[in-house]
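Examination of the molecular architecture
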Amino acid sequence: MDKSFKRKVLKYIAPNLKVRRQLTISLCITVLLFGTFGCDRVFGPPEYSVRRVSDGDTLALTDPNGEKISVRFACVDAPEIPHTNKEKKSRRLADRSQFKWGKKAQERLQELVSGAGNRVRLDITDKDRYGRSVAEVRLPDGTFVQEVLVSEGLAVVYPPYLKNCPSKIFVQQAQGGAKANKKGIWSDKRFIDPWEYRKQKKK
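What counts and how
- Numbering of residues starts from 1 in each chain and follows the order in which that chain's sequence is written.
- Local features are withheld for residues below a pLDDT of 70 in this predicted model, meaning they are given only at 70 or higher, and side-chain atom pairs are given and counted only at 80 or more; totals for whole chains, interfaces and linings count all residues.
- In computing side-chain values, all of the structure's heavy atoms are included and hydrogens and water are not.
- A residue's pLDDT is the confidence the predictor assigns to it, expressed on a 0 to 100 scale.
- The contact criterion used is simple: two residues touch if any of their non-hydrogen atoms lie within 4.5 Å.
- Only when DSSP finds a minimum of two bridges between them are two strands counted as paired.
- Strands are runs of DSSP state E lasting at least two residues, helices are runs of H or I lasting at least four, and both sets are numbered from the N terminus onward.
- Every axis in this analysis is a line fitted to C-alpha atoms, fitted for helices over the stretch in contact. Angles between the N-to-C directions lie between 0 and 180 degrees.
- Throughout, a disulfide means two cysteine sulfur atoms within 2.5 Å of one another.
- Throughout this description, buried means an accessible area under 20% of the type-specific maximum (1.4 Å probe, protein chains only), exposed means over 50%, and partly exposed covers the range between.
- An angle below 35 degrees is treated as roughly parallel, one above 145 as roughly antiparallel, one from 65 to 115 as roughly perpendicular, and anything else as oblique.
- Definitions for this section: a left-handed crossing has its near helix turned counterclockwise from the far helix by less than a right angle. A right-handed crossing has that turn clockwise.
- In protein, a polar contact means a hydrogen-donor-capable atom and an acceptor-capable atom, both N or O and within 3.5 Å, with residues adjacent in sequence counting only if both atoms are side-chain atoms; elsewhere, any N or O pair within 3.5 Å suffices.

1. Here we look at the confidence of the model for the chain
Of all residues in the chain, 78% attain a pLDDT of 70 or more, and the chain-wide mean is 85. Low confidence marks residues 27–43, where pLDDT is under 50. Its contacts with residues over four positions away, or in another chain, come to eight contacts.

See below:
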């Protein structure tokens, strides 16, 4: 075989062998990453599509498989919103105060998720008695939604929920700041905690 022909063949094969070797190494690393960390750790947690903002602490979502789910916020409780015409027309000061802040919380939550393209990520921690998933909710950029609402005085830390709240320190600190600066509900002397309001409504 002609020596110059051999040189040409080797010149062609050598770089391709190098490319193949690099591709093989990359593939092995990818397989190892998936095996060690799983898809969530490599690509981040899955995103859910927001179908509806039900109130200041509840979302109707569609999961990555197309299944519809309802999510109740972990860690916090938002003011109630009116559900009936009677409630909407109520002149009771407790009702008016509760519903005023409930609507503001709902509107702010809508603003947050709309600004994120109606996509959220979840850290599901529990199921409630109504079958809803209880979760810490974050926007795709990592913004912790509960922390934002509490820091603006549009939701309150709910002590019974803290046991299922991995990020409780952040919402507790946020509430301390909102209280000190009289933000949102903390500026309203007529406001009562949502759970206390619900108790009174049942009497």
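2. Thoughts on the sheet that holds strand β3 (residues 68–73)
Ordered by their spatial adjacency, five strands build a closed barrel running β1-β2-β3-β6-β5, and the pairing between neighbours is mixed. Taking the axes of each pair of neighbouring strands and ignoring which way they run, one obtains an average angle of 50° across the sheet. Of the strand pairs in this sheet, strand β1 (residues 47–55) and strand β2 (residues 58–62) are connected by five bridges, and their pairing is antiparallel. Counted as the bridge partner of serine 49 is threonine 62 from β2. In this fold helix α3 (residues 93–115) packs onto β1, β2, β3 and β5 (119–127), with an angle of close to 160° to the strand it touches most, β1.

3. Examining the state of the cysteines
Counted under the stated rule, the structure contains one disulfide. The residue that forms a disulfide with cysteine 75 is cysteine 165, at a sulfur-sulfur distance of 2.1 Å. On the sign convention where negative means left-handed, the S-S torsion of about 95° between cysteine 75 and cysteine 165 marks this disulfide as right-handed. A residue pair is termed long-range when its members are at least 10 positions apart, and cysteine 75 in the loop between β3 and β4 (76–77) and cysteine 165 in the loop between β7 (156–157) and α5 (168–180) qualify at 90 residues. We note that cysteine 75, like cysteine 165, is buried.

4. Here we look at unusual backbone geometry
A positive phi angle is found at asparagine 118, which is not glycine, with a value near 60°. For asparagine 118, the location among the structural elements is in the loop between α3 and β5. Exposure remark for asparagine 118: the relative accessible area of 29% places this residue in the partly exposed category. Unlike most non-glycine residues, lysine 182 shows phi in positive territory, near 50°. Here lysine 182 is to be found in the loop between α5 and α6 (194–202). Among the residues examined, lysine 182 registers a relative accessible area of 58% and is labelled exposed.

5. With respect to the packing of α3 against α6
Relative to each other, α3 and α6 sit at 140°, their axes nearing to 12 Å. In terms of axis orientation, α3 runs oblique to α6. Helix-helix and strand crossings are classified by hand; for α3 and α6 the assignment is left-handed. Residues Ala94, Asp95, Gln98 and Phe99 of α3 form the contact with α6, whose participating residues are Pro194, Tyr197 and Lys201.

6. Regarding the side chain of serine 167
Assignment of secondary structure puts serine 167 in the loop between β7 and α5. Side-chain polar atoms of serine 167 contact the side chain of arginine 138, separated by 3.0 Å. Beyond its immediate sequence surroundings of up to four residues, serine 167 is in contact with Glu136, Arg138 and Phe144.

7. Regarding the pairing of β5
Two elements, β1 and β5, share three bridges in a ladder whose sense is antiparallel. By the bridge assignment for β5, tyrosine 48 is matched with valine 120. Two strands pair when backbone bridges link them, and β5 and strand β6 (residues 133–138) are joined in this way by six bridges, in the antiparallel orientation. Residue pairing in the sheet places lysine 127 in a bridge with serine 133 of β6. Between the end of β5 and the start of β6, which pair antiparallel, lie five residues, with glycine 131 showing a positive phi angle near 85°.

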